[in-house]
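Spelled out, the chains give:
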Amino acid sequence: MKRWLSWWDGRVVLLALDVAVAAATIAFSLLGGDPRDQHPALYVPAVVVSGLALLARRRWPLLVLGVAALCLLADVTLLPVTIATYSVAARHGVSWQTGAAVVVAGATGNAFGLLRQPGDVTMVVIGLGFFVLGPVLGGLWMHQRATLLAVLRDRAEEAERARTLLADQAVFAERRRIAREMHDVVAHRVTAVALQAGALSLRAPDEKTEQAAETIRATSATALDELRGILQVLRDDAPDPGPGVLASLEDLVAEVAATGARVELTLPDPLPAVPDQVGRAVYRVVQESLTNAGKHAPHAAVDVRLAVTGERLAVEVTNRLTPHGSAVPGSGYGLVGMRERVELAGGDLRTGPTGDGRFRVLAAFRVGEGP
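Residues numbered from 1 in each chain as written. Predicted model: local features only at pLDDT ≥ 70, side-chain atom pairs only at ≥ 80, totals over all residues. Heavy atoms only, no water.

Caption draft 1: Quick look at the environment of glutamate 288. Locating glutamate 288 in the fold gives a position in helix α10 (residues 276-296). Placed 49 residues apart in sequence, glutamate 288 and glycine 337 show a C-alpha to C-alpha distance of 9.3 Å. Leaving out residues up to four positions away in the same chain, glutamate 288 has contacts with Gly334 and Met338. (Helix = DSSP H or I, 4+ residues; strand = E, 2+ residues; numbered from the N terminus. Contact = heavy atoms within 4.5 Å.)

Caption draft 2: Up close: the pattern of salt bridges. This structure, assessed with the given rule, holds seven salt bridges. Glutamate 160 is paired through a salt bridge with arginine 163; the nearest N and O atoms lie 2.2 Å apart. With glutamate 160 and arginine 163 both in helix α7 (residues 121-202) and three residues apart, this pair spans about one turn of that helix. Overall, glutamate 160 belongs to the partly exposed group, its relative accessible area being 40%. (Salt bridge = Lys/Arg side-chain N within 4 Å of Asp/Glu carboxyl O. Buried < 20%, exposed > 50% of the residue type's maximum accessible area, 1.4 Å probe, protein only.)

Caption draft 3: Fine view of the confidence of the model for the protein chain. On average, residues of the protein chain carry a pLDDT of 77, and 79% of them reach 70 or more. pLDDT under 50 marks residues 237-244. Its contacts with residues more than four places away, or in other chains, come to 20 contacts. (pLDDT = per-residue confidence, 0-100.)

Caption draft 4: Focus on the sheet that holds strand β4 (residues 348-353). Spatial strand order, β1-β2-β3-β5-β4: five strands in an open sheet with mixed pairing. Strands at the two margins of the open sheet, each flanked by one partner only, are β1 (263-266) and β4. When strand polarity is set aside, the average angle formed by the axes of neighbouring strands in this sheet is 10°. Alignment of β4 against strand β5 (residues 358-366), held across six bridges, turns out to be antiparallel. What sits directly across from threonine 351, in β5, is valine 361. Against the sheet, helix α9 (residues 248-257) touches β1 and β2 (302-309), its axis set at about 170° to β1. Lying on the sheet, α10 is in contact with β1, β2, β3 (312-320) and β5; it crosses β3 at an angle near 5°. (Pairing = 2+ DSSP bridges. Axes fitted to C-alpha atoms, helices over the stretch in contact; angles between N-to-C directions.)

Caption draft 5: Expanded view of a nonpolar patch on the surface. Residues Leu30, Leu31, Val44, Val48 and Leu52 make up a contiguous nonpolar surface patch of roughly 460 Å² in combined accessible area. Counting residues per element, the ones that place at least two in the nonpolar patch are α2 (12-32) and α3 (40-53). A per-element tally of the nonpolar patch places α3 first, with three residues. Under the relative-accessibility criterion, leucine 30 is labelled partly exposed at 40%. (Patch = residues over 30% accessible without salt bridge, like charges linked within 9 Å, V, L, I, M, F, W, Y side chains within 5 Å. Areas by Shrake-Rupley, 256 points an atom, 1.4 Å probe, with all protein chains shown as cover.)

Caption draft 6: Up close: the packing of α9 against α10. Contact geometry of α9 with α10 gives a least axis separation of 10 Å together with a crossing angle of 10°. Comparing the axis directions of α9 and α10 gives the class roughly parallel. Across the interface between the two elements, Ser248, Leu249, Leu252, Val253 and Val256 of α9 pack against Val282, Tyr283, Val286, Gln287 and Leu290 of α10. Split by residue class, the contact of α9 with α10 holds eight nonpolar, two polar and no charged. (Parallel < 35°, antiparallel > 145°, perpendicular 65-115°, else oblique. Nonpolar A, V, L, I, M, F, W, Y, C, P; charged D, E, K, R; others polar.)

Caption draft 7: Highlighting the pairing of β2. For β1 and β2, the ladder comprises four bridges, and the chain directions are parallel. Its bridge partner lying in β2, leucine 265 is registered against valine 304. In this fold, β1 hands off to α10, which returns the chain to β2; that crossover is left-handed. Direction of pairing for β2 relative to β3: antiparallel, over a ladder of eight bridges. (Right-handed = clockwise from strand over helix to strand, strands pointing away.)

Caption draft 8: Structural detail: the environment of arginine 217. Considering the arrangement of structural elements, one finds arginine 217 in helix α8 (residues 207-236). In sequence terms arginine 217 and glutamine 196 are 21 residues apart; their C-alpha atoms lie 8.0 Å from each other. The residues touching arginine 217, leaving out its near neighbours within four places in the chain, are Ala194, Ala197 and Gly198.

Caption draft 9: Fine view of the nonpolar core. By size, the foremost hydrophobic cluster in this structure holds 27 residues, and its most contacted members are Val282, Val286, Leu290, Val304, Val315 and Phe365. At the level of elements, α9, α10, β2, β3, α11 (333-344) and β5 are the ones that each hand at least two residues to this core. Looking at this core element by element, the count peaks at eight residues for α10. Those residues in contact with valine 304, other than ones at most four positions away along the chain, are Val263, Glu264, Leu265, Thr266, Val286, Leu290, Glu316 and Val317. The next biggest cluster of nonpolar side chains, apart from the first, holds 15 residues, and it includes Ala53, Leu78, Ala84 and Ala101. (Core = buried A, V, L, I, M, F, W, Y, C linked by side-chain atoms within 4.5 Å.)

Caption draft 10: Region of the structure containing the packing of helix α4 (residues 61-71) against helix α5 (residues 79-92). Following both chains from N to C, one finds α4 and α5 inclined at 165°, their axes separated by 8 Å at the closest point. For the element pair α4 / α5, the angle class is roughly antiparallel. Relative to α5, α4 is oriented so that their crossing is left-handed. Residues Pro61, Leu62, Val64, Leu65, Ala68 and Ala69 of α4 touch α5, and the partners they reach there are Pro80, Val81, Ala84, Thr85, Ser87, Val88, Arg91 and His92. The residue makeup of the contact of α4 with α5, split by class, is ten nonpolar, three polar and one charged. (Left-handed = near helix turned anticlockwise from the far one by under 90°.)

Below you can see the structure in the form of structure tokens.
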């Protein structure tokens, strides 16, 4: 179907228009024509052939003009020749094809007019102007209009591509600016914390202080590694090299537990193979949930569970709600960022109280080949 519609630029409307033109031409020629006695048997077939040939006028207009000119020998009206002449000019513009069409249409039309009204030169000239010159000018105008529209369309597409390129460049420049700011401010501060914690662990007055300082130093070092990964993404649009594998959750929980928090981790055995984006999302969900639990429900036990059911991977982090909460301020962006990361990985996130005095973060991801 599309191959046939290619004659009409893939538009059914143009096909319907050509069918209507062919039918109207045949009807006009049959009802308004004047077949001569010497061609009574050829008149109707010639009318039908010249009318049906108009269906191919967009693909082979010059050939259609030749068929219409030959049909004039059977005294068919000039209407098929007129339409074919217009089609040649509309398709080829100012070219030798249009010149040939003018010669063919003029010669056949002149002969047709002289046979019908011999000696009436005025009517012949008027007829040729109406049936030849008018269609040619109309076809040339349509060709010029189509050319202009194509140029304007190309310019609009080029402008759109340039606008997209400029937008991409602006985004890239902004990402590099943000990376510089994060490196100059955040990385400097975290490095200072790590250095001070390392110095404290060396001069700690007791073992408990030394362990706490070492935990702070290790956490700061991990934060620096993750920050470098984020900066790499901002600068080069490379994959996030941060912890994205499920096995790294044990290290994360161990780091949090080293600060005195009570965290229980339950992992499926064996660990499922998940895409990198899903693994990073799972890691960030657990990390943010543990951070929120430490801020808003200090000293409350936290339960982290990963479970695989069919083609779904569920991550659940729950903790008891404390009566008075915590005085540590929170911006609320943690849950927003968590939700965005989960949705980008194709998952679903639910957060909120469970009704039995606990707060739950539940994220579910598709890890199979399901529909």
